Amino acid sequence: KAGVTQTPRYLIKTRGQQVTLSCSPISGHRSVSWYQQTPGQGLQFLFEYFSETQRNKGNFPGRFSGRQFSNSRSEMNVSTLELGDSALYLCASRAAVMGDEQFFGPGTRLTVL
Amino acid sequence: GENVEQHPSTLSVQEGDSAVIKCTYSDSASNYFPWYKQELGKRPQLIIDIRSNVGEKKDQRIAVTLNKTAKHFSLHITETQPEDSAVYFCAADRLNGNQFYFGTGTSLTVIP
């Protein structure tokens, strides 16, 4: 079974621009979560989608948004990029039953200049 | 909401020694506790997990213990090897929840 994939793997943007990241979950997984990882900050939860609905959202500004499609693929968008948005963005998928293992993608490394 | 605290933030051990990482959680409704290992430049990968109906689970050199009363769980790595060097994250999954709450991570260094 193919793992979680994310595109692109690396991205360089400038302040004020917007960016869209994509995540394809493991086949059959309906839940996709997004995390921001910065040095020393661990994994900060952004949001979780299940069956095209956002079920939970972390403490991030409204510039961070996401969506999920009917095939469970998910995108996250960051508008009006700031220098502090530079981070590794990880998505993770799970089958959606509570207590299921969560599988991470390789991440998208976003650099904002 | 749930709050997961993880200690220590850094840990250095000699090869062959044991390493212990501890996490506490606040929500008694949490019922699933995974541990992830993240090597430099790689994605977090599950190494072991435990559910609230079990007190201890072991997989070769890795074990996890859970104390539901005290709301803490620990990762134990025995006979450490240099390839165990990585950042380890604990997490808690709430009953009826849809969000993993992660600890802040422990950077483990195994000195050859």
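Up top you'll find the structure we're talking about.
Residues numbered from 1 in each chain as written. Chains lettered and ligands numbered in written order. Predicted model: local features only at pLDDT ≥ 70, side-chain atom pairs only at ≥ 80, totals over all residues. Heavy atoms only, no water.

**Digging into the packing of aromatic side chains**
Link 1 in the chain: Counted by the stated rule, this structure contains 14 aromatic pairs over all chains.
Link 2 in the chain: Between Tyr 25 of chain B and Phe 73 of chain B, the aromatic rings sit 6.0 Å apart at their centres with planes inclined by 55°, giving tilted as the arrangement. You can see Tyr 25 of chain B sitting in strand β3 (residues 19–25) and its partner Phe 73 of chain B sitting in strand β8 (residues 72–77), a full 48 residues away along the chain. Summarising the burial analysis for this pair, Tyr 25 of chain B and Phe 73 of chain B share the class buried.
Link 3 in the chain: Ring geometry for Tyr 36 of chain B and Phe 102 of chain B: centres 5.8 Å apart, planes at 50°, overall tilted. With Tyr 36 of chain B in strand β4 (residues 30–38) and Phe 102 of chain B in strand β10 (residues 100–102), this residue pair connects regions lying 66 residues apart in the sequence.
Link 4 in the chain: Each member of the aromatic cluster is reached from another via a ring pair, and the members are Tyr 35, Phe 45 and Phe 104 of chain A together with Tyr 32, Tyr 36, Phe 100 and Phe 102 of chain B. (Phe/Tyr/Trp six-rings, centres within 6.5 Å; stacked < 30°, edge-to-face > 60°. Helix = DSSP H or I, 4+ residues; strand = E, 2+ residues; numbered from the N terminus. Buried < 20%, exposed > 50% of the residue type's maximum accessible area, 1.4 Å probe, protein only.)

**Quick look at the environment of Ser 9 of chain B**
Residue and element names in this part refer to chain B.
Link 1 in the chain: Turning to its location among the elements, Ser 9 is positioned in the loop between β1 (4–7) and β2 (10–14).
Link 2 in the chain: Spatially, the C-alpha atoms of Ser 9 and Ser 107 are 6.2 Å apart, while their sequence positions differ by 98 residues.
Link 3 in the chain: For Ser 9, the residues in contact, after removing those within four places along its chain, are Gly 105, Thr 106 and Ser 107. (Contact = heavy atoms within 4.5 Å.)

**Concerning the nonpolar core**
Link 1 in the chain: Formed by 25 residues in total, the largest nonpolar core has its most connected members in Trp 35, Phe 73, Leu 75, Tyr 88 and Leu 108 of chain B.
Link 2 in the chain: Secondary-structure elements contributing two or more residues to this core are β2, β3, β4, β5 (45–51), β7 (62–67), β8, β9 (86–94) and β11 (106–111) of chain B.
Link 3 in the chain: Aside from chain neighbours lying at most four places away, what touches Tyr 88 of chain B is Gln 6, Ile 21, Tyr 36, Lys 37, Ile 47, Leu 75, Ile 77, Gly 105, Thr 106 and Leu 108 of chain B.
Link 4 in the chain: Counting 21 residues, the second-largest nonpolar core is a separate cluster that includes Val 19, Phe 60, Met 76 and Val 112 of chain A. (Core = buried A, V, L, I, M, F, W, Y, C linked by side-chain atoms within 4.5 Å.)

**Digging into the sheet that holds β3 of chain B**
Residues and elements named next belong to chain B.
Link 1 in the chain: As summarised here, the arrangement of the five strands in space is β1-β3-β8-β7-β6, forming an open sheet in which the pairing is antiparallel. Each edge of the open sheet carries a strand with a single partner, namely β1 and β6 (56–59). When the angles between neighbouring strand axes are averaged without regard to direction, this sheet yields 15°. (Pairing = 2+ DSSP bridges. Axes fitted to C-alpha atoms, helices over the stretch in contact; angles between N-to-C directions.)

**Quick notes on the pairing of β9 of chain B**
Residue and element names in this part refer to chain B.
Link 1 in the chain: The buried count for β9 comes to seven of nine residues, which makes it a mostly enclosed element.
Link 2 in the chain: The sheet contact formed by β4 and β9 spans six bridges and is antiparallel. Its bridge partner lying in β9, Ser 30 is registered against Arg 94.
Link 3 in the chain: In terms of strand pairing, β9 meets β11 through three bridges, oriented antiparallel. Its bridge partner lying in β11, Val 87 is registered against Ser 107.
Link 4 in the chain: With three bridges joining them, β9 and β10 adopt antiparallel strand pairing. Along β10, the bridge assignment pairs Asp 93 with Phe 100.

**Notes on the sheet that holds strand β8 (residues 74–78) of chain A**
Residues and elements named next belong to chain A.
Link 1 in the chain: Sheet architecture is open: four strands sit in the order β1-β3-β8-β7, paired in antiparallel fashion. Pairing within the sheet leaves two strands with one partner each, and these edge strands are β1 (5–7) and β7 (64–68). Pairs of neighbouring strands in the sheet enclose a mean axial angle of 20°, with direction left out of account.

**Considering the interface of chain A and chain B**
Link 1 in the chain: Contact residues are listed per partner, giving 20 residues for chain A and 16 residues for chain B.
Link 2 in the chain: Both sides of the chain A and chain B interface together cover about 1,700 Å² of buried area, and 52% of this is carbon and sulfur.
Link 3 in the chain: On inspection of chain A and its partner chain B, the count reaches one salt bridge.
Link 4 in the chain: The partner of Asp 93 of chain B in a salt bridge is Arg 94 of chain A, with the nearest N and O atoms 2.7 Å apart.
Link 5 in the chain: At the level of secondary structure, the elements contributing two or more residues to the side of chain A that touches chain B comprise β4 (31–38), β5 (42–50), β6 (53–57) and β9 (87–94) of chain A.
Link 6 in the chain: Per element, the largest residue contribution to the side of chain A that touches chain B is four residues, and it comes from β5 of chain A.
Link 7 in the chain: Class assignment for the residues of the side of chain A that touches chain B results in nine nonpolar, six polar and five charged. (Buried area = accessible area lost by both parts, 1.4 Å probe. Salt bridge = Lys/Arg side-chain N within 4 Å of Asp/Glu carboxyl O. Nonpolar A, V, L, I, M, F, W, Y, C, P; charged D, E, K, R; others polar.)

Everything listed here is a matter of geometry and, on its own, says nothing about what the molecule does.
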